[in-house]
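In case you want the letters, here they are:
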Amino acid sequence: MPRGRYSLHDPHDHTPLAEEHFHCAPGPSGWRYVSQLTTPDGDHRGSVDLAIDELGRPIRLEVNAASWQVRGAALDGVTWVRTDPTGTEATEGNIAAPGFTGTSPAFLIATTRLLRLTPGAPATRVRLLALTDPVLAPRTVDQAWALVARQEHATDSGPLLVDEYRITALDTGEVHTVHIAGDVVLSAPGIELEHLETPPSAFEEH
């Protein structure tokens, strides 16, 4: 069960945004990721709880930030409920998309499980529901994902397979590179892995 800490920063000006303390693990039905976020000053900033099935579909999602909460799941696409800080109003939504995305590294792992890309294959287009900071505002995004390379790196605990993905935002043409090993993001725009207590888990391919 990987357990560790990511630092999150603004990908454009590198302003520190948060520390994300996480643990995650594959299970019989898929994969689960749980994290707590703190501000650079150490105050509580939010939390993420994401469970996906073996095909990468979100079985359950609960995200909290700035007193806002979003709960969601794969249901006729993805369905979600967003609750305001006072708890007096809740807005529901549904779009024809296979998953969610956002600032947490959990969403990158979930999308790789959803797409199951092959190294060197043409890019795959995917539509996701993004929960945007700081108030988890829902926004539909279209991306193209390509698995550019898969390389083996020697480590103290044995060989580690690292996947390099190229992600293109189809609305802006912006291209990002993401490095992932198993169920841990090694690096991505706005994300740095600061500490990892145990090696990444490897997914069994079905």
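These numbers come from a predicted model, not from an experiment. (Residues numbered from 1 in each chain as written. Predicted model: local features only at pLDDT ≥ 70, side-chain atom pairs only at ≥ 80, totals over all residues. Heavy atoms only, no water.)

### Points about the overall build of the chain
Then comes step 1: From N to C terminus, the chain includes 1 helix and 15 strands.
Then comes step 2: Taking 2.2 N^0.38 as the reference for a compact globule, 206 residues should give roughly 17 Å; the C-alpha atoms of the chain span a radius of gyration of 16 Å, in line with that estimate.
Then comes step 3: Projected onto its principal axes, the C-alpha coordinates of the chain cover approximately 55 × 40 × 40 Å.
Then comes step 4: Counting every position in the chain, which comprises 206 residues, the buried fraction comes to 42%.
Then comes step 5: Sequence separation of 24 or more characterises 38% of the internal contacts of the chain that already satisfy a separation of 6 or more. (Helix = DSSP H or I, 4+ residues; strand = E, 2+ residues; numbered from the N terminus. Rg over C-alpha atoms; globule rule 2.2 N^0.38 Å. Buried < 20%, exposed > 50% of the residue type's maximum accessible area, 1.4 Å probe, protein only. Contact = heavy atoms within 4.5 Å.)

### Some details on the side chain of Glu20
Then comes step 1: Residue position: Glu20 is located in strand S2 (residues 16-27).
Then comes step 2: For the buried Glu20, no salt bridge is present, and the opposite-charge side chain at shortest range is Arg45, 7.2 Å distant.
Then comes step 3: Here Ser35 takes part through its side chain, which lies 2.8 Å from a polar atom of the side chain of Glu20.
Then comes step 4: Of the polar contacts made by the side chain of Glu20, one reaches the side chain of Ser104; its length is 2.8 Å.
Then comes step 5: Residues contacting Glu20, with those up to four places away along its chain left out, are Gly4, Arg5, Tyr6, Leu8, Tyr33, Ser35, Gln36, Leu37, Val48, Ser104 and Pro105. (Lys, Arg positive; Asp, Glu negative; His and termini not counted. Salt bridge = Lys/Arg side-chain N within 4 Å of Asp/Glu carboxyl O. Polar contact = N/O pair within 3.5 Å; in protein donor to acceptor, adjacent residues only side chain to side chain.)

### Side note on the pairing of strand S1 (residues 3-9)
Then comes step 1: Along S1, 5 of the 7 residues are buried, which leaves the element largely enclosed by surrounding structure.
Then comes step 2: Here S1 pairs with S2 via 7 bridges, running antiparallel. The residue bridging Arg3 from the neighbouring strand is His23, located in S2.
Then comes step 3: Counted along the chain from S1 to the antiparallel partner S2, the turn is 6 residues long, and its residue His14 has a positive phi close to 65°. (Pairing = 2+ DSSP bridges.)

### Brief notes about the nonpolar core
Then comes step 1: Counting 47 residues, the largest nonpolar core has Tyr6, Trp31, Tyr33, Leu108, Trp145, Val178 and Val185 as the members making the most contacts within it.
Then comes step 2: At 7 residues, helix H1 (residues 105-115) tops the list of elements feeding residues into this core.
Then comes step 3: Among all residues touching Val178, those that are not within four sequence positions of it are Leu108, Asp163, Glu164, Tyr165, Ile167, Val185, Ser187, Ala188 and Pro189. (Core = buried A, V, L, I, M, F, W, Y, C linked by side-chain atoms within 4.5 Å.)

### A few points about empty space enclosed by the protein
Then comes step 1: With the rule as written, the count across this model stands at 2 cavities of 30 Å³ or more.
Then comes step 2: Within this model, the largest cavity holds a volume of roughly 140 Å³.
Then comes step 3: Surrounding the largest cavity, 15 residues form its lining, Val48, Val63, Thr103, Asp133 and Leu136 being those nearest its centre.
Then comes step 4: If you list the elements that add at least two residues to the lining of the largest cavity, you get strand S4 (44-53) and strand S5 (58-65).
Then comes step 5: Examining the composition of the lining of the largest cavity, we find that 4 residues originate from one element, S4, more than from any other.
Then comes step 6: Of the residues belonging to the lining of the largest cavity, the class tally is 7 nonpolar, 6 polar and 2 charged.
Then comes step 7: The computed volume of the second largest cavity comes to approximately 60 Å³. (1 Å grid on protein atoms, 1.4 Å probe; cavity = no way out; pocket = protein on both sides within 12 Å on 5 of 7 lines; lining within 4 Å. Points joined across faces, edges and corners; volume = space filled by probe spheres on them. Nonpolar A, V, L, I, M, F, W, Y, C, P; charged D, E, K, R; others polar.)

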